[in-house]
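Below, each chain spelled out in residue letters.
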Amino acid sequence: MLKLTYTESSFYLECLTLSLEEWVAQRVILALRVGQSLCIEPSTASFLLPVDLPGVEVLKAEVKRDDREIIALSACDAEYMEVTLRGSWLLDSSKDAVGVFFTTMSDRAEFFLHKLWQEAQEISASVMSE
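These numbers were taken from a predicted model, which means no experiment stands behind them.

## Describing the pattern of salt bridges
Where charged atoms from two side chains of opposite charge come close, those side chains can pair.
Okay, step 1: Scanning the model with the defined rule gives four salt bridges in all.
Okay, step 2: For Lys3, the salt bridge is made with Glu14, and the minimal N-O distance between the two is 3.2 Å. Remark: Glu14 occurs in strand β2 (residues 11-15) and Lys3 occurs in strand β1 (residues 2-6); sequence separation between them is 11 residues.
Okay, step 3: Judged by its relative accessible area of 13%, Lys3 falls in the buried class.
Okay, step 4: The salt bridge involving Lys60 is made with Glu57; its shortest N-O contact spans 3.4 Å. You can see Lys60 and its partner Glu57 sitting in helix α2 (residues 56-65), three residues apart, about one turn around the helix.
Okay, step 5: Its relative accessible area of 33% is what places Lys60 among the partly exposed residues.
Okay, step 6: What emerges from the salt-bridge pattern is a single network uniting Glu62, Arg65 and Arg108.

This is the structure in structure tokens:
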């Protein structure tokens, strides 16, 4: 399962070993115990990856192989492509922009996408430190 945690200023992508059902059940139980309301709705989430990142061609091939259309790639400009995922949003209320997006696809695709995202973060951090 992939989990994207969005905040007001950034987001973080995690690859979890829990099944989607286990993770949602844990979140619902936690919300019940602390008296928090939850809103879960189907949606999409997007983020950018550099087009020259090693492995992008493998990701494109993986997307073509997967007929469930959970992941889509779009060219943004000469430097970046947009990765769009279909899944669900989990929010504290339906008005919040801060929340958690989750989706599931093949273990291989999840692991590979997570790895590419990590590499993009490392490149971004090294460019910012220069």
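Now, onward.
## Quick notes on the nonpolar core
Across soluble globular proteins, nonpolar side chains show a tendency to be buried alongside one another.
Okay, step 1: The biggest cluster of nonpolar side chains holds 27 residues, and the ones touching the most others in it are Leu4, Phe47, Leu49, Leu59, Val83, Leu85 and Leu113.
Okay, step 2: Elements that contribute at least two residues to this core include exactly β1, β3 (39-50), α2, β5 (80-91) and α3 (107-129).
Okay, step 3: At six residues, the largest contribution of residues to this core is made by α3.
Okay, step 4: If sequence neighbours within four positions are ignored, Leu4 has contacts with Phe11, Tyr12, Leu13, Ala45, Phe47, Leu85, Gly99, Val100 and Phe101.
Okay, step 5: Counting six residues, the second-largest nonpolar core is a separate cluster that includes Met1, Leu90, Val100 and Phe102.

## As for a nonpolar patch on the surface
Okay, step 1: A contiguous nonpolar surface patch, about 270 Å² in accessible area, is contributed by Val28, Leu32 and Ile40.
Okay, step 2: As for its placement among the helices and strands, Val28 is situated in helix α1 (residues 20-34).

Reading the values: the criteria
Residues numbered from 1 in each chain as written. Predicted model: local features only at pLDDT ≥ 70, side-chain atom pairs only at ≥ 80, totals over all residues. Heavy atoms only, no water. Salt bridge = Lys/Arg side-chain N within 4 Å of Asp/Glu carboxyl O. Helix = DSSP H or I, 4+ residues; strand = E, 2+ residues; numbered from the N terminus. Buried < 20%, exposed > 50% of the residue type's maximum accessible area, 1.4 Å probe, protein only. Core = buried A, V, L, I, M, F, W, Y, C linked by side-chain atoms within 4.5 Å. Contact = heavy atoms within 4.5 Å. Patch = residues over 30% accessible without salt bridge, like charges linked within 9 Å, V, L, I, M, F, W, Y side chains within 5 Å. Areas by Shrake-Rupley, 256 points an atom, 1.4 Å probe, with all protein chains shown as cover.

Keep in mind these numbers describe shape, not what the thing actually does.
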